[in-house]
Amino acid sequence: MKFNWIKTRRGQNLVRLMALLTTAVLIGTWIIAPLYRRMQQKEIDSQQHQLTVLMTSAASNLENYLNNYRKDFDVIRANPQFVEGVAEYLSTGEDETLLDFLDNYNAATGSFVADIMLTDAQGEVLVTTRKEGPYQNLTPDAPAAGLRVYANEQGELYLAISASVGTNHRVQSMVDVERMCEDTASLVSIGQRGSVSLCHSSGITLVHVDSQVVGSSALESWRQRYGQLDLSGEEELLERQLRGEAGTAVYQSYWWQEQPPAPAKKLCAFAPIWIGNDFLSISVVADFNEIMAPMNQALISIGSVLFILTAASAIMGTLLYSVSRKKKGMEEENLYLRQLNDSLEELRRSEEKLRHFQRLETIGTLTGGMAHELNNLLTPIMACSMMLMDDVTPGQEQAYEDAREIYSAAARAKEVIQQFTALSRKDGETTMKNLDLEQVVADALKMAVSAKPKGVEAQCSLCLEGRRIMGSETQLGQVVLNLAVNAYHAIEQKGGQGHFRVTGTLEQRVDSPGEWAVLTFQDDGCGMEQGLRERIFDPFFTTKKNGEGTGLGLSIVQSIIEGHQGSIQVDSVPGEGTVFTIRLPVGVAASQGESKRQGEPLQVLLVEPNPKVLLMLQKALRQEGCEAISFRRQEEALEVLRTENTVDAIVLGCDASGTAETQFALMARACHPEVRILLLTGFVDRQVVENERKGIIDSYLVKPVRAQEVWDRLRSLFP
């Protein structure tokens, strides 16, 4: 037969398509085969772990179950009636007293013990309640102190647990094996064909899915019934079990519950259950194919989808190739040039976007890095100024004021740094802190008074009694400055001579418990008409000339006050002046209460690379009654943590937030799970927030920090 169709263009395209599909199938097989083997091994390891967990649970239940019976022997042997009954039997042969005790004891315990008996050292029954007897000893060679297996006339198995009575006799409990396993291992579920097996150290099978091997050696029974079957897998597994080993195995076996037994691949976990100097071996078996079935089905589905996609792609490619071959040369060249031009234009736009994003990323990175470095520089400045203020003696008021001015300038610099670090974060939220409102207003007024015109007389009367507010020092200062500048402008419009007065008082709240801090800003300037007063808080509204104002000052003031859960109102009389009244919610002053751990000082471990900051923290914490141990290197601190058992908290400083501090915190928690960890960082990034959310650290503070802030935060960690 001649294949002339192959010479046609359609035939050639079909040949190319078939070759492409064949190649794709071969490549897919080459890629998927090792992947499948790795996935299979991973699934086997996972299932072996699960089987081990199930087996361990069942083994623990059985071990506790049997050991409880062993403990009962101590009670039995100490009972005077038992001692009297044994002595009477050994001297006279009368067993009535002994039997009466054994019957009463077994009825009182309500256990699964079928019989309690007295035997000689060889296991021969001397006295028994004979509830289920007579018994056949299936393990005559078992040691006297070991576990023995008995069977009654109905073939039911009993596990004998014994304890010595004198030198030549033993008291022995006959435990119903079937009821024991139903009570301890019946809830273990291992798929549709899984099962739990139990055998004695002598090889006698106690529990098995094949009921015909119970009470005998499973291997010997199978050889007698199925001599032609390959039992090497079962034989190797049983040898490991009888040696008292624990482990897992994948082996070839059969489904013994089927007739004839069908070949099977099984997954097994096994372990010994030691009772005294003898043991039982428990094993949990699962169907290997049943475990692998979901993964195999998923692999087939993925392979089918990939084949369909490959075939569709190959067909589409062939069609596109056929269409493109029909185009004329000039059309192909024009199309190529247009596509090339579009690609170059798109590439240019993409490069421009990429450069823009890189610039933004660089700015954010530089901003964060600069903030971190500046905060690290400000930390020793604030620390040293605090120590200078603490060391000032009476009569050195000027030195105290100088140190306080240094500290205040550093604190304001910290606020500024926190504002521009918003460039390197997704959120730009303002940092709220617990502030002394009177101090914040007084500091802002100092700057406002320094900029007042010569004809303005400024007065301040604040009686806020140390009340505090959760707020932003920068924003509240901006409110004071804006209102002061507006007052100066109003006085200048009236002639340049006037008074500006600021007062602060406390007022009880009516709507809810608590207090308002009432701040009034009063001037005797030109005042405002009613229509003007209604618009002063509108954005971009201003009465100043072009270029002298933006119209945003009072709008921002209102936004800041409302953001602090307060209110602002204005009263004005034309020609007489204006009064702005601000109400802000405040709380009582922070108390220097007793430590959360009354009667016992905190043991604090300080880890800070900056020696001056370390000295400041150590000094401050010791003044608060803490026992502080300080280190500059994390390795030295870890050595102390491994040997010190009394560390309550760790203050961890860092040069830059990163994995080093995270690793230190994790290793510290490994040594002391209950320790509190406070991180001092120069820059808050995603990792710091995630570490707090996950509980790796308990809290964090942004440098520069005051010693009092560190102490307050530490106390808050001990409720």
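Cut-offs applied
Residues numbered from 1 in each chain as written. Predicted model: local features only at pLDDT ≥ 70, side-chain atom pairs only at ≥ 80, totals over all residues. Heavy atoms only, no water. Helix = DSSP H or I, 4+ residues; strand = E, 2+ residues; numbered from the N terminus. Buried < 20%, exposed > 50% of the residue type's maximum accessible area, 1.4 Å probe, protein only. Contact = heavy atoms within 4.5 Å. Core = buried A, V, L, I, M, F, W, Y, C linked by side-chain atoms within 4.5 Å. Axes fitted to C-alpha atoms, helices over the stretch in contact; angles between N-to-C directions. Parallel < 35°, antiparallel > 145°, perpendicular 65-115°, else oblique. Left-handed = near helix turned anticlockwise from the far one by under 90°. Nonpolar A, V, L, I, M, F, W, Y, C, P; charged D, E, K, R; others polar. Phe/Tyr/Trp six-rings, centres within 6.5 Å; stacked < 30°, edge-to-face > 60°. Lys NZ or Arg CZ within 6 Å of the ring centre and 35° of its normal. Patch = residues over 30% accessible without salt bridge, like charges linked within 9 Å, V, L, I, M, F, W, Y side chains within 5 Å. Areas by Shrake-Rupley, 256 points an atom, 1.4 Å probe, with all protein chains shown as cover. Salt bridge = Lys/Arg side-chain N within 4 Å of Asp/Glu carboxyl O. Lys, Arg positive; Asp, Glu negative; His and termini not counted. Charge placed at Lys NZ, Arg CZ, Asp CG, Glu CD. Expected span 1.5 Å × (residues − 1). Arc of directions from axis to C-beta. Polar contact = N/O pair within 3.5 Å; in protein donor to acceptor, adjacent residues only side chain to side chain. Pairing = 2+ DSSP bridges. Right-handed = clockwise from strand over helix to strand, strands pointing away. pLDDT = per-residue confidence, 0-100.

With that out of the way, let us pick up the overall build of the protein chain. The number of helices and strands found in the protein chain is 18 helices and 23 strands. Counting over 719 residues, the protein chain shows a buried share of 41%. Long-range pairs, those at least 24 residues apart, make up 62% of the contacts in the protein chain between residues at least 6 apart in sequence.

A few words now on the nonpolar core. Leu-66, Phe-82, Leu-159, Met-180, Leu-198, Leu-206 and Ile-282 are the most contacted members of the largest nonpolar core, which totals 53 residues. Broken down by element, this core gets its largest block of residues, eleven residues, from helix α1 (residues 9-78). What Ile-282 contacts, discounting residues up to four positions off in sequence, is Met-55, Ala-58, Ala-59, Leu-62, Val-196, Ser-197, Leu-198, Gln-241, Ala-269, Phe-270, Ala-271 and Ile-273. Val-456, Phe-500, Ile-536 and Phe-537 belong to the second largest nonpolar core, which has 37 residues in total.

Before going further, it helps to examine the packing of helix α14 (residues 611-623) against helix α18 (residues 707-716). With their axes 9 Å apart at the nearest point, α14 and α18 run at an angle of 55 degrees to one another. Here α14 lies oblique to α18, going by the angle between them. In this structure, α14 crosses over α18, and the sense of that crossing is right-handed. Residues Met-616, Leu-617, Ala-620 and Leu-621 of α14 form the contact with α18, whose own contacting residues are Ala-707, Val-710, Trp-711 and Leu-714. Its residues assigned to classes, the contact of α14 with α18 shows eight nonpolar, no polar and no charged.

In this section: unusual backbone geometry. Trans peptide bonds make up most of the peptide bonds, and negative phi angles are found at most residues other than glycine. In the segment running from Gln-259 into Pro-260, the intervening peptide bond is cis, with an omega of -5 degrees. Counting through the fold element by element, Pro-260 comes out in the loop between β9 (247-255) and β10 (262-275). Here the phi dihedral of Glu-465 falls at roughly 55 degrees; this positive angle occurs in a residue that is not glycine. Tracing the chain through its elements places Glu-465 in the loop between β13 (456-462) and β14 (468-471).

The way to describe two aromatic rings as a pair is by their centre distance and the angle between their planes. Applying the stated criterion across every chain, the model contains six aromatic pairs. Among the aromatic residues, ring-to-ring pairing joins Trp-222, Tyr-226, Tyr-254 and Trp-256 into one connected group. Positioned above the aromatic ring of Phe-288, the side-chain terminus of Lys-265 is 4.2 Å from the ring centre. The positively charged end of Arg-676 is found above the aromatic ring belonging to Phe-718, 5.1 Å away from the centroid.

A cluster of like negative charges, contributed by Glu-94, Glu-96, Asp-100 and Asp-103, occupies part of the molecular surface. Here Asp-103 is to be found in helix α3 (residues 96-109).

Taking 1.5 Å of rise per residue, 13 residues should cover 18 Å, and helix α2 (residues 80-92) covers 18 Å from first to last C-alpha, within 8% of that figure. Of all the positions in α2, only Phe-82, Gly-85, Val-86 and Tyr-89 are classed as buried. Projected down its long axis, α2 shows its buried positions confined to an angular sector of 95 degrees, all on one face. Residues Pro-80, Glu-84, Ser-91 and Thr-92 are exposed on α2 and point more than 90 degrees away from its buried face. At the N-terminal boundary of α2, the capping side chain belongs to Asn-79, with an oxygen 2.8 Å from the backbone nitrogen of Gln-81. Looking one or two places after α2, you find Gly-93, whose phi comes out positive at around 85 degrees.

A full pass over the atoms with the stated rule returns 17 salt bridges. Arg-404 serves as the salt-bridge partner of Asp-443, at 3.7 Å between the closest nitrogen and oxygen. On the criterion of sequence distance, the pair formed by Asp-443 in helix α10 (residues 437-450) and Arg-404 in helix α9 (residues 397-420) is long-range, its members being 39 residues apart. Taking relative accessible area as the criterion, Asp-443 reaches 13% and is therefore assigned buried. One salt bridge in this structure joins Arg-583 and Glu-507, with 3.2 Å as the shortest N-O distance. With Arg-583 in strand β18 (residues 577-586) and Glu-507 in strand β15 (residues 498-508), this pair connects stretches of sequence that are 76 residues apart. What emerges from the salt-bridge pattern is a single network uniting Glu-345, Glu-346, Arg-348 and Arg-349.

Our next topic: the pairing of strand β20 (residues 627-631). Two faces make up the sheet, and in a regular strand the side chains alternate between them. Pairing geometry for strand β19 (residues 603-607) and β20, over five bridges, is parallel. In the strand pairing of β20, Val-607 is matched with Phe-631. Regarding topology, α14 serves as the crossover connection from β19 to the parallel β20, and that connection is right-handed.

Pairing in this open sheet of five strands is parallel, and the strands run β20-β19-β21-β22-β23 from one edge to the other. A strand with exactly one partner marks an edge of an open sheet, and here the two such strands are β20 and β23 (699-702). Neighbour-to-neighbour, the strand axes of the sheet open up by a mean angle of 20 degrees, direction not taken into account. Inspection of the sheet shows β19 paired to strand β21 (residues 649-653) by four bridges, in the parallel sense. Considered in β21, the bridge of Val-604 is made with Ala-649.

It is worth spelling out the packing of helix α5 (residues 218-225) against helix α6 (residues 232-242) at this point. In the contact formed by α5 and α6, the axes pass within 10 Å of each other and the chain directions differ by 165 degrees. When the interaxial angle is binned, α5 and α6 end up roughly antiparallel. α5 and α6 meet at a crossing whose hand is left-handed. Of the residues in α6, those in contact with Leu-219, Trp-222 and Arg-223 of α5 are Glu-234, Glu-235 and Leu-238. Split by residue class, the contact of α5 with α6 holds three nonpolar, no polar and three charged.

Should the pLDDT be low somewhere, the predicted coordinates at that spot are not to be read in detail. Confidence in the prediction of the protein chain, expressed as mean pLDDT, is 79, and 83% of residues score 70 or more. Under a pLDDT of 50 for its full length, residues 589-598 has, in the predicted model, 13 contacts with residues more than four places off or in other chains.

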